[in-house]
Amino acid sequence: MTGLVLEGGAMRGMYTAGVLDVLLENSIKIDGIIGVSAGALFGVNYFSKQKGRVIRYSKRFCKDIRYMSKLSFLLTGNIVNKNFAFYKVTKKLDKFDNDTFIKNNKNYYATVTNVETGNPEYIKIDNPIKQLEVLRATSAIPLASKIIKIDDKKYLDGGISDSIPIHKCKDLGYEKIILILTQPLNYRKNSLDKNKEKLIEKKFKKYPKLINTMKNRHNNYNSTIEKIIDMENEKEIFVIRPSKKIDINLIERDSNKLQEVYDLGVSDCKKNLKKLKEYLR
C-alpha cells in the first residue's frame, strides 16, 4: 500500500497542488493520504480527482477580501474567512466533488493540534463536505484564527504539533510513502522571536501545554527533517521538495505568483516522475 504525506505551509501549498496534479495526470495510485494544514486542504482534491481545482480557485479569489484578508480577521477573528472560503467556494463557486471522494473509498487523515494537550490528533475524513470544520481546524493559524471546537475538543493548526506526519503514516501500515514538502532541502526552522513568544503566551495563557509545544516546534520540525533525510537515503520513502526557496506571502494577491509556485511543483514532480515510478515498483 502507498501512503502520501502532505506538509502544510499556507500559500506554499500551491507547490503541493502542482505536484498532486502531475501525480493525478499520471494515475499514481495512492491508498491513503495524511495531510497538514494547506496540505490537508488541497489533498482532498486528489481523491475527488479534480485536477487544477486548487490553482483555479486560488487565482480566482486571491484578490477577493471575502476569501482571505486582514479585514476578515478583524471582523471574524479568522484570516481565512469561514463562510466564504470554506463554505461558499466549496459548495457553490467552485464545487468540490464530494461524491467522487466518497466513492474512492480511500483513507484520508487531517492532522490537528489539540489545544488543551498540545498533542497532534489525526482525524479521519470520510465526507469532506460534512467535515469542513475539521479542514478548518487543521489550517487554523494560531495567531490568525479562532480556536475551533469539534466534539467538545478544541483544535488549531496541525502543523503546530506535527508539521510532517511521516511517522504516523508509517504507523498506519503504509509500505511505500511519498512525501511532499514545501521547503527546500537546506531549510531549518528557527526558534520563536521574543515578541512572538510574548504574543503566544498572552493569547494562550489558559493552555500551557500548547504554549510549550509552540515554543519547541522548531526543535521537533528540524529533528523530523533529519530523520526524513535518513529515511530518504535508505530509500524507505520518496521525497518531492522545492528545488528552490519559495517566496510567497501568507495573503498573496498576485495570481502570477501563485501560478509560479504551482508551476514549480509541476516542474519538480515531472523531473522526479521516473524515479518515483521506479520506487513504487
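Calculation criteria
Residues numbered from 1 in each chain as written. Predicted model: local features only at pLDDT ≥ 70, side-chain atom pairs only at ≥ 80, totals over all residues. Heavy atoms only, no water. Axes fitted to C-alpha atoms, helices over the stretch in contact; angles between N-to-C directions. Helix = DSSP H or I, 4+ residues; strand = E, 2+ residues; numbered from the N terminus. Parallel < 35°, antiparallel > 145°, perpendicular 65-115°, else oblique. Left-handed = near helix turned anticlockwise from the far one by under 90°. Contact = heavy atoms within 4.5 Å. Nonpolar A, V, L, I, M, F, W, Y, C, P; charged D, E, K, R; others polar. Phe/Tyr/Trp six-rings, centres within 6.5 Å; stacked < 30°, edge-to-face > 60°. Buried < 20%, exposed > 50% of the residue type's maximum accessible area, 1.4 Å probe, protein only. Lys NZ or Arg CZ within 6 Å of the ring centre and 35° of its normal. Salt bridge = Lys/Arg side-chain N within 4 Å of Asp/Glu carboxyl O. Patch = residues over 30% accessible without salt bridge, like charges linked within 9 Å, V, L, I, M, F, W, Y side chains within 5 Å. Areas by Shrake-Rupley, 256 points an atom, 1.4 Å probe, with all protein chains shown as cover. Core = buried A, V, L, I, M, F, W, Y, C linked by side-chain atoms within 4.5 Å.

Draft legend 1. Focus on the packing of helix 9 (residues 194-203) against helix 10 (residues 208-215). Running from amino to carboxyl end, helix 9 crosses helix 10 at an angle of 160 degrees, the nearest separation of the two axes being 9 Å. Classified by the interaxial angle, the pair formed by helix 9 and helix 10 is roughly antiparallel. The two elements helix 9 and helix 10 cross, and the hand of that crossing is right-handed. Within the contact between the two elements, helix 9 uses Glu 197, Ile 200 and Glu 201 and helix 10 uses Ile 211, Met 214 and Lys 215. Looking at the contact of helix 9 with helix 10, its residues break down into 3 nonpolar, no polar and 3 charged.

Draft legend 2. Molecular detail of the packing of aromatic side chains. Using the criterion set out here, one finds 9 aromatic pairs in the structure. On the basis of an interplanar angle of 65 degrees and a centroid distance of 6.2 Å, the ring pair of Tyr 46 and Phe 47 is categorised as edge-to-face. Residue Tyr 46 is classed as buried on the basis of its relative accessible area, which comes to 6%. Among the residues examined, Phe 47 registers a relative accessible area of 2% and is labelled buried. Between the aromatic rings of Phe 96 and Phe 101, the centroid separation amounts to 6.1 Å while the plane-to-plane angle is 55 degrees, which identifies the pairing as tilted. Here the two residues Phe 96 and Phe 101 agree in accessibility, since each one is buried. Linked through ring pairs, Tyr 46, Phe 47, Phe 96, Phe 101 and Tyr 108 together constitute an aromatic cluster. When the ring centre of Tyr 279 is taken as reference, the NZ or CZ atom of Lys 176 above it lies at 4.5 Å. Sitting above the plane of the Tyr 221 ring, Lys 189 keeps its charged end 4.8 Å from the centroid.

Draft legend 3. Layout of the pattern of salt bridges. Counted according to the given criterion, the structure contains 14 salt bridges. For Arg 66, the salt bridge goes to Asp 64, with nearest N and O atoms at 2.7 Å. A residue is classified by how much of its surface remains accessible, and Arg 66, at 44% relative accessible area, is partly exposed. The partner of Arg 136 in a salt bridge is Glu 133, and the shortest N-O contact between them spans 2.7 Å. With Arg 136 and Glu 133 both in helix 7 (residues 132-138) and 3 residues apart, the pair spans about one turn of that helix. Within this structure, Lys 29, Asp 31 and Lys 106 form a network of salt bridges that share partners.

Draft legend 4. Geometry of a nonpolar patch on the surface. On the surface, Ile 65, Leu 71, Phe 73, Leu 74 and Leu 75 cluster together into a nonpolar patch covering about 520 Å² of accessible area. Locating Ile 65 in the fold gives a position in the loop between helix 3 (53-61) and helix 4 (70-76).

Draft legend 5. The nonpolar core, seen in detail. Counting 73 residues, the largest nonpolar core has Leu 23 and Tyr 46 as its most contacted members. If you tally residues by element for this core, the top one is helix 12 (residues 255-280), at 9 residues. Sequence-distant contacts of Leu 23, defined by excluding residues within four places in its chain, comprise Ile 28, Tyr 46, Ile 180, Cys 269 and Leu 276. Listed in part, the 17 residues of the second largest apolar core include Ile 34, Ile 166, Tyr 174 and Val 239.

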